[in-house]
Amino acid sequence: AVVSTQSTGGKLKKQIRAVQRLLRVETLPPTVVQENERKLEMLHNKIANLQASKVSDKYKMVRFFEKRKLFRRLKSALNSEEPDEQAVQGIRDKINYIVYYPLGEKYISLLPKEPYTDDAVIAKQTAMLSTIKDRVATGELEDASTTNWSKDRNLTQMRSLQATDLNQAKRRIHSQPAPEPPSMDGEVDDFFIIDRG
């Protein structure tokens, strides 16, 4: 069953109002007050995550196509007879910008149809680009432009590189291997012994 985000947001807002009304009652025991304050905080976090998810989904295709264009540019720049290192690095920085741009914020396109004229937008874009470039240079973030993005092979890797927050420095690329089952080393399990005596 698919639940629309609008109805979920409405339900969460109703729950918040109900908890707030409950907290206005002065005769509540302290444990109930504390429990409902925690619930209220949790509901506010859910609404914030829901709004960030909406923004993220809105710009998902734009980011995908920009990343695709930039990887094509990177490939052609690397395959040229004398690759210009400065141009290649500029393309790599732009790919990292797309991958590491905070998902909860409005995405500022690197390849708009018409150039930006608003100074605030240009300043925010260059600030974000330089922040991500510095974090990749220091090794705090992995260089996403060196990854071989194919259709299926690195789908999980691509998802793990995209974080909801730029402050999340450590990113897990591969999932942890499954734990080894305990070995029996000559021991006999009594469970499977059948006594027919």
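Caption draft 1: A look at the packing of aromatic side chains. Evaluated as defined, the whole model comprises four aromatic pairs. Plain terms: the ring middles of F64 and F65 are 5.2 Å apart, the flat faces sit at 65° to each other, and that makes the pair edge-to-face. Exposure remark for F65: the relative accessible area of 38% places this residue in the partly exposed category. Between Y101 and Y107 the ring centres are 5.2 Å apart and the planes differ by 85°, which places this aromatic pair in the edge-to-face class.

Caption draft 2: Examining the side chain of R63 more closely. Residue placement: R63 occurs in helix α3 (residues 60-79). Summary of buried charges: R63 has no salt-bridge partner, and the nearest side chain of opposite charge, E66, is 7.5 Å away. Among the polar contacts made by the side chain of R63, one reaches the main-chain carbonyl oxygen of I98 at a distance of 2.5 Å.

Caption draft 3: Spatial organisation of the pattern of salt bridges. Applying the stated criterion across every chain, the model contains three salt bridges. Here K133 makes a salt bridge to D93, at a shortest N to O gap of 3.8 Å. You can see K133 sitting in helix α5 (residues 119-137) and its partner D93 sitting in helix α4 (residues 85-100), a full 40 residues away along the chain. Using a relative accessible area of 12% as the deciding quantity, one classes D93 as buried. Its salt-bridge partner being R135, residue E140 comes within 2.9 Å of it at the nearest N-O pair.

Caption draft 4: Broad picture of empty space enclosed by the protein. For the structure on display, the rule yields one cavity of 30 Å³ or more. Taken as a whole, the largest cavity holds about 30 Å³ of empty space. Around the largest cavity, the lining residues are V55, S56, Y59, R63, P102, L103, E105 and Y107. Residue composition of the lining of the largest cavity, grouped by class: five nonpolar, one polar and two charged.

Caption draft 5: Region of interest: α3. For α3, which comprises 20 residues, the first-to-last C-alpha distance of 29 Å matches the rise-based estimate of 28 Å (1.5 Å per residue) to within 8%. Within α3 the residues assigned to the buried category are R63, E66, K67, L70, F71, L74 and A77. Viewed along the axis of α3, the buried residues span an arc of 140°, placing them on a single side of the element. Relative to its buried face, α3 has exposed residues pointing more than 90 degrees away, namely R72, K75 and N79.

Caption draft 6: Structural view of the packing of α4 against α5. Remark: α4 packs on α5, axes separated minimally by 9 Å, with the N-to-C direction vectors making an angle of 100°. When the axis of α4 is compared with that of α5, the two are roughly perpendicular. Mapping the contact onto sequence places D93, K94, N96, Y97 and Y100 in α4 and Q125, M128, L129, I132, K133 and V136 in α5.

Caption draft 7: Region of the structure containing the nonpolar core. Counting residues in each nonpolar core, the largest one holds 21 residues, and the members touching the most others are I95, Y97, Y100 and Y107. Looking at this core, the elements with two or more residues in it are α3, α4 and α5. The greatest single-element share of this core, amounting to seven residues, is contributed by α4. The residues touching I95, leaving out its near neighbours within four places in the chain, are L70, F71, L74, A144 and S145. Listed in part, the seven residues of the second largest apolar core include I16, L40, L43 and I47.

Reading guide: rules and limits
Residues numbered from 1 in each chain as written. Predicted model: local features only at pLDDT ≥ 70, side-chain atom pairs only at ≥ 80, totals over all residues. Heavy atoms only, no water. Phe/Tyr/Trp six-rings, centres within 6.5 Å; stacked < 30°, edge-to-face > 60°. Buried < 20%, exposed > 50% of the residue type's maximum accessible area, 1.4 Å probe, protein only. Helix = DSSP H or I, 4+ residues; strand = E, 2+ residues; numbered from the N terminus. Lys, Arg positive; Asp, Glu negative; His and termini not counted. Salt bridge = Lys/Arg side-chain N within 4 Å of Asp/Glu carboxyl O. Polar contact = N/O pair within 3.5 Å; in protein donor to acceptor, adjacent residues only side chain to side chain. 1 Å grid on protein atoms, 1.4 Å probe; cavity = no way out; pocket = protein on both sides within 12 Å on 5 of 7 lines; lining within 4 Å. Points joined across faces, edges and corners; volume = space filled by probe spheres on them. Nonpolar A, V, L, I, M, F, W, Y, C, P; charged D, E, K, R; others polar. Expected span 1.5 Å × (residues − 1). Arc of directions from axis to C-beta. Axes fitted to C-alpha atoms, helices over the stretch in contact; angles between N-to-C directions. Parallel < 35°, antiparallel > 145°, perpendicular 65-115°, else oblique. Contact = heavy atoms within 4.5 Å. Core = buried A, V, L, I, M, F, W, Y, C linked by side-chain atoms within 4.5 Å.

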